[in-house]
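Structure at a glance
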Amino acid sequence: MNVIETSSGKSHTVEIDPVEDGDYKTLRKSRFFFDWKQEKAHEVYKLQLSGTSEILGLISLENIPEEWRVHIRLLTVSKGNRGKEKQFDRIAGNLIAYAAKIAIKEYAEYACVSLRPKSHIAQHYIDKYNMKLTGMTLSIEVPEILDLINHYDHEK
Amino acid sequence: MKSKTNKDHIADAEYGLDSRYNSKKERASEAASLMEARLMRMKNLSKEHIIRAKLMQLKLKMEAYIEQPMYDDQNHFADFLKVYVDTIYSTRNHFAQDINITPIRLSQVINNHRDPKDEFIMKLMIHSEKVFENICSFHKEIWYEVYFHEKLCDTMSRQEEWRPKLEKDVKLSTVID
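As the structure is a prediction and not an experimental result, all values here were calculated from the model. (Residues numbered from 1 in each chain as written. Chains lettered and ligands numbered in written order. Predicted model: local features only at pLDDT ≥ 70, side-chain atom pairs only at ≥ 80, totals over all residues. Heavy atoms only, no water.)

1. A few points about the interface of chain B and chain A
Taken together, the contact pairs 46 residues of chain B with 58 residues of chain A. Across the chain B/chain A interface, buried area totals approximately 4,500 Å², and carbon plus sulfur atoms make up 56% of it. Three residues, B:Glu14, B:Tyr15 and B:Leu17, lead the burial of chain B against chain A; their summed loss comes to 19% of the area buried on that side. The tally of links from chain B across to chain A stands at eight salt bridges. Joining chain B to chain A, the criterion identifies 26 residue pairs in polar contact (both at pLDDT 80 or more). Elements that contribute at least two residues to the side of chain B that touches chain A include exactly helix 1 (6-11), strand 1 (17-18), helix 2 (24-43) and helix 3 (47-67) of chain B. In terms of residue count, the dominant contributor to the side of chain B that touches chain A is helix 2 of chain B (twelve residues). Within the side of chain B that touches chain A, the residues separate by chemical class into 20 nonpolar, eleven polar and 15 charged. (Contact = heavy atoms within 4.5 Å. Buried area = accessible area lost by both parts, 1.4 Å probe. Salt bridge = Lys/Arg side-chain N within 4 Å of Asp/Glu carboxyl O. Polar contact = N/O pair within 3.5 Å; in protein donor to acceptor, adjacent residues only side chain to side chain. Helix = DSSP H or I, 4+ residues; strand = E, 2+ residues; numbered from the N terminus. Nonpolar A, V, L, I, M, F, W, Y, C, P; charged D, E, K, R; others polar.)

Here it is, written out as structure tokens:
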């Protein structure tokens, strides 16, 4: 998986790993929008450039086996990577693709990744990630979820 | 103070996405509608898409397996092979024909009655390289990695059985300071 440096177009390899206890004190609300300590009971993952400790994005997930679904609870890029002035592109996409990999690994053809954004930003996720809208929930399933994984898996 | 335009909101759509449900009731209602819609969509899934999803699942499970030591009684290589063959072929004999081995030899490996020979794993490597070409990225050496990872985990987990006997046979005639 990789991110693109917007100023140079250069590609950088990234790693996505579980957030460790020691990380939480560095995850300030001013930089990562939420109080991530409140998510400790859930699966929380961080995205970092390979070989660095700087966290560029975070995602919190809830695995729901009885529905063959992985629900994205919280997602954010770091403050320096928001909007037009972002340093790196594809951070959120990689994190969503990571959730998709977990869903496929667990549920194969039944896999589903869902999220429930506020209505005014739902269209962004529909357009960018090919998600489908059901009620207030957006979801991505087979076959689109396979395309999403392949798109963000830089080896393909 | 200016209010944010819709464009600003979209630019920030990936900064601070709160997707939590407000209540259990809301969650249950959304889950029911979503499941209903998904089941309808699943009816239209082609056999090809199902096979693709299963093969990607297999690849991700193999990758996860070799990333961590796993001391259990399962036959991982044989189990992964079984899933691979049964996902792609209607009968195992067809796979045996395709890689030019006897059905008996395939059965022995799948049922863990015989270790796969190098040639078997090499043929499997070539076969899966072709199968995964249009599905997802795939490290062809992963079959070897799974096989040796399982051997290593198995050997290390059974130290109490083999070590006492073998330690008697091992001497250090030269002392290294």
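2. Topic: empty space enclosed by the protein
For the structure shown, the criterion picks out one cavity of 30 Å³ or more. By volume, the largest cavity is sized at about 50 Å³. Lining of the largest cavity is provided by A:Glu109, A:Tyr110, A:Ala111, A:Glu141, A:Val142, B:Arg38, B:Arg41, B:Met42 and B:Leu45. For the lining of the largest cavity, the element with the highest residue contribution is helix 2 of chain B, accounting for three residues. When grouped by side-chain class, the residues that make up the lining of the largest cavity number five nonpolar, no polar and four charged. (1 Å grid on protein atoms, 1.4 Å probe; cavity = no way out; pocket = protein on both sides within 12 Å on 5 of 7 lines; lining within 4 Å. Points joined across faces, edges and corners; volume = space filled by probe spheres on them.)

3. Considerations on the side chain of A:His71
Mapped onto the fold, A:His71 is located in strand 5 (residues 69-77). Polar contacts involving the side chain of A:His71 include one to the side chain of A:Ser114, which spans 2.7 Å.

4. A look at the packing of aromatic side chains
All names here are of chain B. Enumeration over the complete set of coordinates arrives at 17 aromatic pairs over all chains. Ring centres of Tyr84 and Phe95 lie 6.2 Å apart, and the angle between their planes is 85 degrees; on these two criteria the pair is classed as edge-to-face. Residue Tyr84 is located in helix 4 (residues 76-88), and its partner Phe95 is located in helix 5 (residues 92-98); the two are separated by eleven residues in the primary sequence. Judged by relative accessible area, which is 0%, Tyr84 ranks as buried. A relative accessible area of 0% means that Phe95 is categorised as buried. (Phe/Tyr/Trp six-rings, centres within 6.5 Å; stacked < 30°, edge-to-face > 60°. Buried < 20%, exposed > 50% of the residue type's maximum accessible area, 1.4 Å probe, protein only.)

5. Some thoughts on the packing of helix 4 of chain B against helix 7 (residues 118-132) of chain B
Residue and element names in this part refer to chain B. Where helix 4 contacts helix 7, the two axes come as close as 13 Å, and the packing angle between them is 45 degrees. Judged by the inter-axis angle, helix 4 sits oblique to helix 7. As helix 4 packs across helix 7, the resulting crossing turns out to be left-handed. The segment helix 4 lies against helix 7, with Phe77, Leu81, Tyr84 and Ile88 engaging Phe120, Ile121, Leu124, His127, Ser128, Val131 and Phe132. Its residues assigned to classes, the contact of helix 4 with helix 7 comprises nine nonpolar, two polar and no charged. (Axes fitted to C-alpha atoms, helices over the stretch in contact; angles between N-to-C directions. Parallel < 35°, antiparallel > 145°, perpendicular 65-115°, else oblique. Left-handed = near helix turned anticlockwise from the far one by under 90°.)

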